[in-house]
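# Structural overview
Chain residues, written in single-letter form:
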Amino acid sequence: VQLQASGGGLVQAGDSLRLSCAASGLTFSMYVMGWFRQAPGKEREFVATITWSGGMTYYSDSVKGRFTISRDNAKNTVYLQMNSLKPEDTAVYYCAATPSFQSRPYYYTKEYDYWGQGTQVTVSS
């Protein structure tokens, strides 16, 4: 299984970015997908998750209303649209996958079986 995250970069506060995570080696439509982030000196934290069908999405309070997670099962890809970016959004962003047909949120890193390599997002003020 491989998860390849991309789309990070250096932007100014208020700008937008869209992250992508391309998955291979798994039956993508059977997996819950999540995005996490880790800032320097901090623990990895939950950002957003989406159920296998895309029917349910869940967000951390810090990004709710600004970020949108989506998926394209035909392309084996999950996205994170990030709008109104703030300096505190600066982190390495990781995508993660775990097999499940449940519609509940998966908030914790230990619930995910596979992880991507991360993509850096830097937001300047």
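This text follows the structure it describes.
Below: a short report on this structure. Since the model is a prediction, treat every value here as computed from it, not as a measurement.

Parameters and conventions
- Residues numbered from 1 in each chain as written.
- Predicted model: local features only at pLDDT ≥ 70, side-chain atom pairs only at ≥ 80, totals over all residues.
- Heavy atoms only, no water.
- Salt bridge = Lys/Arg side-chain N within 4 Å of Asp/Glu carboxyl O.
- Helix = DSSP H or I, 4+ residues; strand = E, 2+ residues; numbered from the N terminus.
- Buried < 20%, exposed > 50% of the residue type's maximum accessible area, 1.4 Å probe, protein only.
- Patch = residues over 30% accessible without salt bridge, like charges linked within 9 Å, V, L, I, M, F, W, Y side chains within 5 Å.
- Areas by Shrake-Rupley, 256 points an atom, 1.4 Å probe, with all protein chains shown as cover.

### Topic: the pattern of salt bridges
Per the stated rule, a full pass over the model turns up 5 salt bridges. Linking Arg37 and Asp89 is a salt bridge whose minimum nitrogen-to-oxygen distance equals 2.9 Å. Taken together, the residues span a long stretch of sequence, with Arg37 in strand S4 (residues 31-38) and Asp89 in the loop between strand S8 (77-82) and strand S9 (91-99) at a distance of 52 residues. Comparing Arg37 with Asp89 shows no difference in burial state: the two are buried. What emerges from the salt-bridge pattern is a single network uniting Arg37, Glu45, Arg66 and Asp89.

### Side note on a nonpolar patch on the surface
A surface patch of nonpolar side chains, about 300 Å² in accessible area, is lined by Met30, Trp52 and Phe101. Residue placement: Trp52 occurs in the loop between strand S5 (45-50) and strand S6 (57-59). For Trp52, a relative accessible area of 31% translates into the label partly exposed.

It is worth stressing that arrangement in space is one thing and function is another; only the former is reported here.
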